[in-house]
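Residues per chain are reported as follows:
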Amino acid sequence: MTSRSTIEYTAHRPFPVSDGPWIMKQIWHDLLFVHWPVDIEMLRPLVPSALEIDTFDSQAWIAITPFWMSGVRPRLLPPLPWLSRFPELNVRTYVTDRTGPGAKPGVFFFSLDAGNPIAVMTARWVFQLPYFSARMAARRTGKGIDYASYRNHAGSPPASFRACYRPAGPVAYAARGSLEYFLIERYCLYTPAVAGRVYRGEIHHAPWPLQAAEAEIMINTMVDAYGIGLPPTPPLLHFARRQDVLVWSLERVRV
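Presented here is a report on the structure given in the accompanying data block. All figures in this text were calculated on a predicted structure; none of them were measured in a lab.

Some words on the pairing of strand β3 (residues 60-74)
Phase 1: Summarising burial for β3: 13 of the 15 residues are buried, a large majority.
Phase 2: Bridge analysis of strand β1 (residues 24-38) against β3 gives ten bridges, and the strand direction is antiparallel. Note that in β3 the partner of Met 24 across the bridge is Pro 74.
Phase 3: Of the pairings in the sheet, the one linking β3 to strand β4 (residues 86-96) comprises eight bridges and is antiparallel in character. The residue bridging Trp 68 from the neighbouring strand is Pro 87, located in β4.

Thoughts on the environment of His 205
Phase 1: Here His 205 shows up in the loop between β10 (199-204) and β11 (210-220).
Phase 2: On the basis of relative accessible area, His 205 is assigned to the buried category, the value being 1%.
Phase 3: Separated by 197 residues in the primary sequence, His 205 and Glu 8 place their C-alpha atoms 9.6 Å from one another.
Phase 4: A distance of 3.4 Å separates the side chain of His 205 from the side chain of Gln 243, its partner in a polar contact.

Thresholds, definitions, all that
- Residues numbered from 1 in each chain as written.
- Predicted model: local features only at pLDDT ≥ 70, side-chain atom pairs only at ≥ 80, totals over all residues.
- Heavy atoms only, no water.
- Buried < 20%, exposed > 50% of the residue type's maximum accessible area, 1.4 Å probe, protein only.
- Helix = DSSP H or I, 4+ residues; strand = E, 2+ residues; numbered from the N terminus.
- Pairing = 2+ DSSP bridges.
- Polar contact = N/O pair within 3.5 Å; in protein donor to acceptor, adjacent residues only side chain to side chain.

Here it is as structure tokens:
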């Protein structure tokens, strides 16, 4: 999908596309959304006070999202072979910049592990996000996506994830007002507080082509360092084969 066709498809969004120029393009592949309902009180100390934790029917959620990227490039430049393709694994919850005019629901990342140390360094500097270097692999097999991540970032808490996952149903699009729409159709991210300030970065893409998913999760210590207890119930699983994404620069949140 071209950048022009991506940015012209906007009817599904909860708020308009940024009127500024996008600065980066990415293609996300073989993404698994693994969601658990969690106690909002466990999340509150971990999220800047300027942000409200978003809930669906009074329930907070946390997600782990393994995938791999390709075609990562700044605007007006081609993809660089040593920087444009690598696995990534995110731990996230959902927030908004308080209620009121201009509030935008988005994603708050507890961590973003990536299999390219140059990408980690660049993202930490440009987007002020908690990126960590990790030894990672994402491989398509006859059973699905074989995915492994073992954090090796100097001075960081250990965190590992190992799973095999696959789509298990036809492609469908989340209906506005549904739990799937709440969890997945998100078009901005919020940074941890930097010098007491919170920043927002907007993104854009077509609606998620979601499929039901199956997964065997063999190792998961991604939230251990935060003291977040995951419930013993099976997580909610969704799969997406591909998503073309445009990214904007950060702007300070006024609260």
